[in-house]
Every structure is written in C-alpha cells, then in structure tokens.
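Listed here are the chains, written in short residue letters.
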Amino acid sequence: MNSSSPSGSGRLVLAATPIGDVEDASPRLRRLIAEADVVAAEDTRRLRALAARMGVTIGGRVISHHEHNEAASTPELLAVVAGGGTVLVVTDAGMPAVSDPGFRVVSAAVEAGLDVTAAPGPSAVLTALALSGLPTDRFCFEGFPPRKPGERLRSLTALDREPRTMVFFEAPHRLAQTLADMATAFGADRPAAVCRELTKTYEEVVRDGLGALAAWAAAGEVRGEIAVVVAGAPAREVASTAELVAEVLARVDAGERLKEAVAEIAQVAGVPKRELYAAALAARAR
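Quick notes on the rules
Residues numbered from 1 in each chain as written. Predicted model: local features only at pLDDT ≥ 70, side-chain atom pairs only at ≥ 80, totals over all residues. Heavy atoms only, no water. Pairing = 2+ DSSP bridges. Helix = DSSP H or I, 4+ residues; strand = E, 2+ residues; numbered from the N terminus. Axes fitted to C-alpha atoms, helices over the stretch in contact; angles between N-to-C directions. Contact = heavy atoms within 4.5 Å. Core = buried A, V, L, I, M, F, W, Y, C linked by side-chain atoms within 4.5 Å. Buried < 20%, exposed > 50% of the residue type's maximum accessible area, 1.4 Å probe, protein only.

**Topic: the sheet that holds strand β9 (residues 204-209)**
Right, on to step 1. Spatially, β6-β7-β10-β8-β9 is the arrangement adopted by the 5 strands of the open sheet, whose pairing is mixed. Lying at the two open borders of the sheet, with one neighbouring strand each, are β6 (139-143) and β9. Strand-to-strand, the axes of this sheet are offset by a mean angle of 20 degrees, without reference to chain direction.
Right, on to step 2. Here strand β8 (residues 191-196) runs beside β9; their pairing, made up of 6 bridges, is antiparallel. When the sheet's bridge partners are listed, Ala193 is paired in β9 with Arg207.
Right, on to step 3. Packed on one face of the sheet, helix α8 (residues 210-219) meets β8, β9 and β10 (226-230) and runs near 130 degrees to β9.

Here's what the structure looks like:
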C-alpha cells in the first residue's frame, strides 16, 4: 500500500493553468507561482508570459520540464521535495500529466513516498465534454490519435463498440482526415462535436454527425487548439439464437462453410462460437 499525505517534508504540486482566458487562473495558482521553491514548466517562456499577464512575480527557480527532458529533470525535482521544498509543476495549458508532461515525476514521487497534491483548475477535456451536448455520465479520454493514416484508422476501428463518450485531441492540419477516419470507423451519422479555441476569443463548437463534420473541416482551414468529442456506440440489439442460426444456415446454403459462417456471425453477435455451432448442427439435423 502506498499513500500520499503531508509528512512535514516538501511536496510536489500539479497545478492547472488557463487553457485560454487568463481570468480562469485560480487564486491558489497565483499564490503557488509566487511562493514555490521551484516551478517546473513545460515552456519557461510561456510560464513567464502567463505570470506577467496575471500580475504575479515568480518567487522561486524556474526549471524546464517537458516530454523530452522529463526523465532527466525528475531526479532534480524530487531532490527538492525530499529536502523540504515545494515544487510546482505546470504545463502550457490545462492539467499536468493529462496528455502533457507530469506523469513520470508523479510516478517517481509516489514511488519515493513523497507528498503529491494538485491545484485543480481548467481542463480542455472536461470543458469540451461539457460543451459537446453529448452524454457526460460515462466518458473516456483517448488523447491524440496516431499520426500515420493506417495506424489511426486501426486505432479508431478498435473503439467502434466503445459505449462511453470519447474525447480526443487533434492538430488542425490533421483534423479533416481524422474526422473522415472517424466517420469510417464509427459511422458517418455518429454524433460528435469539434471544440476549438476553448475559453478564447474565437471559441467555436460545431456539432453534427462525423460525416458532416469531416466535410466541414475539409472545406476550410480550421485553426487553433482542438478537441473532438464523439458519442459512444449505441447499445446493440441482441439477436435470438434462432435468428443467428437462421443467418448461419442461409450463408451455408449460399455456399459458405459452416465453421466460417459460425465464426464470423458469433464474433459480430458477441456469442460463444461453440454454442452457435452446436445449435446450427442441431437445426440442420431436424
């Protein structure tokens, strides 16, 4: 068992930063930036610009901490925490460790028994989900789809029967093709929402079926930070054993081998192959 609780030593704090509107910065974030011994930032220039916009003076050392140096900078950050200091981890926007740097240092801090806490705040994932108009009771975050077309389509196709609302991030120049792949994998009529520039001046949420959204994105240049929210798969109607057997026998009469017909229909229907095969044999023997 591994618990994280105040121990009198230092602490690692993950803090959410505004995803657009600087007024979303919490008073706690402002205080932490001013008081932390070390601020680990994904981009130090963006951190300093954010602090200036908030009217806050950074009180401690600023260390670069991003995906390319996270493994190397983590020991230094943990040493500060172990020595009794406060390390604040921030990314360019949103919550650290959620499709952003932060996971490695948290995992290492937990493994070392150091205190880890969070200063919650803006989240592009939750903001897009809330604005999408799609079900929010169950959802999953899938991050950025693979960049290569073949890998992307295979990855999306594997999510075809995912019942939860899905949230993705995507780069503007790949949006049209990703939406087209989603339409192929999930169906052109699957409801979805493209959310861009959330909380910023040109915030836009476009809601439609995936096919229509793919055409919209292909028709013009879409800019800014983008989240795509896709409705989960509708519940499948469960066919009766008699209906499945009838489908198997119809395919056999058309020249297909019994085992092959059973295997494919059982996989699609989500029923045990052995039971469907036995039922089909019994029906043929009548």
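**What to know about the nonpolar core**
Right, on to step 1. Of all hydrophobic cores here, the largest spans 22 residues; its most connected members are Leu179, Met182, Phe186, Val228 and Val230.
Right, on to step 2. At the level of elements, β7 (165-170), α7 (175-186), β8, α8 and β10 are the ones that each hand at least two residues to this core.
Right, on to step 3. Here this core gets 6 residues from one element, more than from any other, and that element is α7.
Right, on to step 4. Discounting residues that sit within four places of it in the chain, Phe186 has contacts with Leu156, Leu159, Asp160, Met166, Leu210 and Val230.
Right, on to step 5. In this structure, Ile33, Ala36, Val39 and Ala41 belong to the second largest nonpolar core, which totals 18 residues.

Keep in mind these values describe shape, not function.
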